[in-house]
Amino acid sequence: MRRILRSNFKPGTPNWAGRRAQWRALGLSDEDMEKPKIAIINSSSELAICFSHLDGIAAKVKEAIRAAGGLPFEVRTAAPSDFITNAGRGGGYILPTRDLIVNDIEVQVEGALLDGMICLASCDKTTPGQLMAAGRLNIPTIVVICGYQQSGTYRGQHMDIEEVFLKSSFVASGGVSLAEITEMADNAVRSPGVCAGMGTANSMHIVCEALGMSLPGSAPVLANSPKMMGHVREAGQRIVQMVWDDYKPRDIMTAESFANAAMVVLALSASINTVKHLQAIAMECECDVDVYDLFARYADKIPLLAAIRPTGEGLIEDLEAAGGTRAVMKRLEGLLHCNARTVTGQNVGEVLNDVQIANEKVIHTVLNPVSKPPSLVIVKGSLLPGGGIVRLGGPSERTMRFTGPANIFHSREEAMEAIGRGEVKPGQVVVLRGIGVKGGPGLAMTSSVVFALDGAGLIDKVAVVTEGQLSGLVNRGLVVGEASPEAMEGGPLGLVDNGDPISIDVDKRVVNLDVPEETLAKRREEQRQFGKTGERGWLSIYQRTVQPVHKGAVLFK
Ligand code: FES
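Residues numbered from 1 in each chain as written. Predicted model: local features only at pLDDT ≥ 70, side-chain atom pairs only at ≥ 80, totals over all residues. Heavy atoms only, no water.

1. Some words on the overall build of the protein
Then, in step 1: When you go through the protein residue by residue, the secondary structure sums to 19 helices and 14 strands.
Then, in step 2: A globule of 557 residues ought to have a C-alpha radius of gyration of about 24 Å, and the protein, at 24 Å, matches this closely.
Then, in step 3: Its C-alpha atoms give the protein principal-axis dimensions of about 75 × 55 × 50 Å.
Then, in step 4: With 557 residues in all, the protein has 60% of them scored as buried.
Then, in step 5: When contacts within the protein are restricted to residue pairs at least 6 apart in sequence, those whose partners lie at least 24 apart make up 75%.
Then, in step 6: Surface accessibility of the protein: about 21,000 Å² in total, with carbon and sulfur atoms responsible for 51%. (Helix = DSSP H or I, 4+ residues; strand = E, 2+ residues; numbered from the N terminus. Rg over C-alpha atoms; globule rule 2.2 N^0.38 Å. Buried < 20%, exposed > 50% of the residue type's maximum accessible area, 1.4 Å probe, protein only. Contact = heavy atoms within 4.5 Å. Areas by Shrake-Rupley, 256 points an atom, 1.4 Å probe, with all protein chains shown as cover.)

What follows is the structure in structure tokens.
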């Protein structure tokens, strides 16, 4: 016997009558109104290529849901694109839009008491926002991976949008001309979908599959390919059965599945943004797991199995062709929690049973990896009691220990101008503060500072500690990102003065401020102020409610 759906209101009640009047006018039948009601979460707009194809995908999902006996409703949400909506307020809107999406989904799906969700995952913040909403609402959900874009070529060489972003940092110093960067930009993107390479978008798509929230074989995938469309149809059919079975996200996203996702991130040197997003998703699931501890626990155990750009020269297409997330998980099978469940109803062990690795040169074995662990390290210490993240990537000449005097900046623009004027000197630790989730507000993107240091020939000669987020990867130098707690939160970062010695030891996982406690006590009395004040609108609400980045930067305690 089928269960009673929460969306089927008692006939004759005010909610039933008002909704019936509306939905009859929309052309729905009595039979329709008894069906499982599925939201298709379409986080898109006309502003960016990342999600320009989602309307077409939504139409296909609707067909599949109807064919399976469900009733689809497309629901639109806010839709940030890192390369488009980063222009205003110093990039401050990007991360806060993740949380806007969560609340957008809550008010529409929970407000209407729908029975299930298909979420269309695309640009960086859409996937974590949708997974957070799935954890919060805990109604049957499948996340459909909407795929990556085709990259282009520039003078016979591979050219993608991340490369354009990196090379744009060389324009100011004359290393790249305006004509060259224009030609690169004009040829970098060839079709809809998310940025190519192991940036945050593809990383989060992979995380989604590793968590069990997407159909196996979903990520990475070329946008609009027959393979992607196959998963779209399958997800539309499967979600209806999941609703009847009342099979929910918290049955799937457990401590074991978060551990699995952390291992896959380490095996691929995926984006550091995955760490805070996984923490935020776990908190929305009310799952008692410290994701930072998970990464610390597995950092020395999980080697790099595939070197995809920007970690290596492999393309995201190569990873897909070699078997994608499933194949990486097959390599890790002996280490994973194979009892963790997936949206298919099967557990991870069952999913991995017949998986083959199609290209041994792309996805290495644990015993013969691309490089030894770790690819990503959580560092803590007297400067960063909450933690910071170092993305090491693959084999490199990277500095692992650094001690030097602080050279402090309070915006990326201030730092880049100082680099341009030659005011950053070899031996210094560049500190970027007052720009975290609260100070920004919204966690400024600080990769451009790292790229500018690289362009100025300083990346091997300085270290960086930034409250901001990082995208892309420079395979040299020592950069600690997402330093927490931030100065505006009262963290030790706010007590640093120019010239103070800071020591970083990645092997020992520490970042210390080497200043006597009595000096710091006097500075605490000064009650220093950091970050922007006088914000209005959404960023003001965000600034007043956001939690530290090492707690996922969620908007509740
Ligand atoms: Fe949208 Fe990169 S800007 S995926």
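2. Some details on helix H1 (residues 14-25)
Then, in step 1: With 12 residues, H1 ought to run about 16 Å at 1.5 Å a step, and its terminal C-alpha atoms sit 17 Å apart, in line with that.
Then, in step 2: Backbone geometry just downstream of H1 places Gly27 in the positive-phi region, at approximately 95°. (Expected span 1.5 Å × (residues − 1).)

3. Considerations on the layout of surface pockets
Then, in step 1: Here the largest pocket is characterised by a volume of approximately 480 Å³.
Then, in step 2: Along its surface, the largest pocket is lined by 19 residues, and Phe165, Ser168, Ser169, Met416 and Ser448 are the ones closest to its centre.
Then, in step 3: Contributing elements (two or more residues each) for the lining of the largest pocket: helix H5 (161-168), helix H16 (412-420) and helix H17 (447-455).
Then, in step 4: Element by element, the count of residues in the lining of the largest pocket is highest for H5, at 4 residues.
Then, in step 5: Partitioned by chemical class, the residues of the lining of the largest pocket number 12 nonpolar, 7 polar and no charged. (1 Å grid on protein atoms, 1.4 Å probe; cavity = no way out; pocket = protein on both sides within 12 Å on 5 of 7 lines; lining within 4 Å. Points joined across faces, edges and corners; volume = space filled by probe spheres on them. Nonpolar A, V, L, I, M, F, W, Y, C, P; charged D, E, K, R; others polar.)

4. A few points about helix H10 (residues 255-268)
Then, in step 1: When the terminal C-alpha atoms of H10 are compared, their 20 Å separation across 14 residues agrees well with the 20 Å that a helix rising 1.5 Å per residue should span.
Then, in step 2: The element H10 is largely enclosed, with a buried count of 12 among its 14 residues.
Then, in step 3: For H10, every residue scored as buried is listed here: Ser257, Phe258, Ala259, Asn260, Ala261, Ala262, Met263, Val264, Val265, Leu266, Ala267 and Leu268.
Then, in step 4: Looking one or two residues beyond H10, the residue adopting positive phi is Ser269, at roughly 50°.

5. Topic: the sheet that holds strand S11 (residues 463-466)
Then, in step 1: Strands sit in the order S7-S8-S12-S11-S10-S9-S13-S14 across an open sheet of 8 strands; the sheet is mixed. A strand with exactly one partner marks an edge of an open sheet, and here the two such strands are strand S7 (376-379) and strand S14 (510-513). Within this sheet the neighbouring strands show an average axis-to-axis angle of 25°, counted without direction.
Then, in step 2: As judged from the 5 bridges shared by strand S9 (residues 401-409) and strand S13 (residues 501-505), these two strands associate in the antiparallel manner. Along S13, the bridge assignment pairs Thr403 with Ser503. (Pairing = 2+ DSSP bridges. Axes fitted to C-alpha atoms, helices over the stretch in contact; angles between N-to-C directions.)

6. Some words on empty space enclosed by the protein
Rolled over the atoms, a probe sized like a water molecule indicates the empty space that remains.
Then, in step 1: Tallying each qualifying case throughout the model produces 3 cavities of 30 Å³ or more.
Then, in step 2: Lining the second largest cavity are Glu209, Ala210, Gly212, Ser214, Pro216, Arg326, Met329, Thr342, Val348, Val351 and Leu352.
Then, in step 3: When residues of the lining of the second largest cavity are traced back to their parent elements, those giving at least two are helix H7 (200-211), helix H14 (324-331) and helix H15 (348-352).
Then, in step 4: Per-element accounting of the lining of the second largest cavity gives the leading share, 3 residues, to H15.
Then, in step 5: A class-by-class count of the residues in the lining of the second largest cavity yields 6 nonpolar, 3 polar and 2 charged.

7. As for the nonpolar core
The tendency in soluble globular proteins is for nonpolar side chains to be buried as a group.
Then, in step 1: Counting 138 residues, the largest nonpolar core has Met117, Ile118, Leu120, Phe258, Phe295 and Leu319 as its most contacted members.
Then, in step 2: In terms of residue count, H10 provides more of this core than any other element does, 10 residues in total.
Then, in step 3: Counting residues in each nonpolar core, the second largest holds 28 residues, with Phe402, Ile408, Ile502 and Leu513 among its members. (Core = buried A, V, L, I, M, F, W, Y, C linked by side-chain atoms within 4.5 Å.)

8. Re the sheet that holds strand S4 (residues 141-145)
Then, in step 1: Taken in spatial order, the 4 strands line up as S2-S1-S3-S4 in an open sheet, and their pairing is parallel. Both edges of this open sheet fall to strand S2 (71-76) and S4, since each of them pairs with a single strand only. The average undirected angle you get between the axes of adjacent strands in this sheet is 20°.
Then, in step 2: Docked against the sheet, helix H8 (residues 226-245) engages strand S1 (37-42), strand S3 (116-121) and S4, running at close to 175° with respect to S4.

9. What about the pairing of S11?
Then, in step 1: Burial of the side chains of S11 extends over both faces: Ala463 and Val465 are buried on one face and Val464 and Thr466 on the other.
Then, in step 2: Note that strand S10 (residues 429-432) and S11 share 4 bridges and pair parallel. Of the residues in S11, the one forming a bridge with Leu432 is Thr466.
Then, in step 3: Handedness of the crossover joining S10 and S11 through H17: right-handed.
Then, in step 4: As defined by bridge partners, S11 adjoins strand S12 (residues 478-484) across 3 bridges and the pair is classed as parallel. (Right-handed = clockwise from strand over helix to strand, strands pointing away.)

10. Some details on the packing of helix H3 (residues 94-110) against helix H11 (residues 273-284)
Then, in step 1: Their axes nearest at 13 Å, the elements H3 and H11 cross at an angle of 25°. It follows from the interaxial angle that H3 and H11 lie roughly parallel. Here H3 runs over H11; the crossing is right-handed. Residues Leu95, Arg98 and Val102 of H3 form the contact with H11, whose own contacting residues are Lys276, His277, Ala280 and Glu284.
Then, in step 2: Split into classes, the residues belonging to the contact of H3 with H11 amount to 3 nonpolar, 1 polar and 3 charged. (Parallel < 35°, antiparallel > 145°, perpendicular 65-115°, else oblique. Left-handed = near helix turned anticlockwise from the far one by under 90°.)

11. Things to note about the packing of aromatic side chains
Then, in step 1: Following the criterion strictly, the structure yields 4 aromatic pairs and no others.
Then, in step 2: Here the aromatic rings of Phe83 and Phe165 are separated by 5.3 Å at their centres, their planes lie at 70°, and the arrangement is edge-to-face. One end of the pair, Phe83, is in the loop between S2 and H3; the other, Phe165, is in helix H5, with 82 residues separating them in the sequence.
Then, in step 3: Since its relative accessible area comes to 18%, Phe165 is described here as buried.
Then, in step 4: Grouped by ring-pair contacts, the aromatic residues Phe83, Phe165 and Phe451 constitute a single cluster.
Then, in step 5: Seen from the ring of Phe9, Arg19 lies directly overhead, with NZ or CZ sitting 4.1 Å from the centre. (Phe/Tyr/Trp six-rings, centres within 6.5 Å; stacked < 30°, edge-to-face > 60°. Lys NZ or Arg CZ within 6 Å of the ring centre and 35° of its normal.)

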